[in-house]
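One-letter residues, chain by chain:
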Amino acid sequence: MMNGWQDILAPGEHVLWQGQPSVPPRLSPRQIPVFLFGMMFAGFAVFWMSMAMRAGTIWLFGLIHLFAGLAVAIGPIFVMPFVASRTWYSLTNRRAFFATHLPFVGPTLNALDLTPALGIEFDGKEPGTLRFQDKATPLVGSRFDGAPMFTKIQNARNVFGLIRDIQRGKA
């Protein structure tokens, strides 16, 4: 048994696979309008600060707007990779586990029984996403309200096959 699983796994349950999402930082086409808005906001803040400095008024107030614009522009590019780097997935011969450990939120661990009736959607991509059609049970931390999924995992087709074997009782 792997370290740390003693209090989580049921008797006879063992870990078959573990992985993390593969989400590199990138600017997607749907993020471009938000990126442009944030850059224009930051650019106007720089313009405002330079005009305020020339007038001899309080130009430092513009720093708040500059950083807000940069956060709006650049934040979405790095948020998903940051969350992905702190997310882990595991499969046992009975359940799927979804774990995260985010700053200010703390650790969460949710589990989902891999019953034969559980529906699973596979997007067919590599890295791929497996979406489960049931709610996960929280074991540690807050409740997971979204649809549980293994997002952007390597060898998604093999993991999907492993889950199907688990559901058939062959794993």
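Attention here is on the structure that accompanies the text. This structure is a prediction, so every number in the text was calculated from the model and none was measured. (Residues numbered from 1 in each chain as written. Predicted model: local features only at pLDDT ≥ 70, side-chain atom pairs only at ≥ 80, totals over all residues. Heavy atoms only, no water.)

### Brief notes about the sheet that holds strand β7 (residues 137–140)
Put simply, the rule reads: By this definition, two strands are paired if DSSP reports at least two bridges between them. By definition, any uninterrupted DSSP run of H or I lasting at least four residues is a helix, any uninterrupted run of E lasting at least two residues is a strand, and each is numbered from the N terminus. Axis definition: a line fitted to C-alpha atoms, over the contacting stretch in the case of helices. Angles run 0 to 180 degrees between N-to-C directions. Two residues form a contact once any of their heavy atoms are found within 4.5 Å.
In spatial order, the strands read β1-β2-β3-β4-β7; together these five strands make up an open sheet with antiparallel pairing. Since the sheet does not close on itself, it has two edges, and those belong to β1 (15–19) and β7, each with one partner. Each adjacent strand pair in this sheet contributes to an overall mean axis angle of 20°, direction not counted. As paired elements, strand β2 (residues 87–92) and strand β3 (residues 95–102) share five bridges and run antiparallel to each other. Its bridge partner lying in β3, S90 is registered against F97. Sitting on the sheet, helix α2 (residues 61–85) touches β2 and β3, and the angle it makes with β2 is about 45°. Together, β1 and β2 form the strand contacts of helix α3 (residues 156–168), whose direction differs from that of β2 by roughly 40°.

### What about a positive patch on the surface?
How we decide: Excluding any residue in a salt bridge, patches collect residues exceeding 30% relative accessible area, merging like charges within 9 Å and nonpolar Val, Leu, Ile, Met, Phe, Trp and Tyr side chains within 5 Å. Values of accessible area rely on a 1.4 Å probe in the Shrake-Rupley scheme; residue burial ignores everything except the protein chains shown. We define a salt bridge as a side-chain nitrogen of Lys or Arg found within 4 Å of a carboxyl oxygen belonging to Asp or Glu. The charge count treats Lys and Arg as positive and Asp and Glu as negative. His and the chain ends do not count. All charge positions are set by atom: Lys at NZ, Arg at CZ, Asp at CG, Glu at CD. Accessibility here uses a 1.4 Å probe with only protein chains present; expressed as a share of the type maximum, an area under 20% marks a residue as buried, one over 50% as exposed, and anything in between as partly exposed.
A cluster of basic residues, R26, R30, K125 and K152, forms a positive patch at the surface. Within the secondary structure, R26 sits in the loop between β1 and α1 (32–55). Residue classification places R26 among the exposed residues on the basis of a relative accessible area of 52%.

Purely geometric stuff here, so don't read any function into it on its own.
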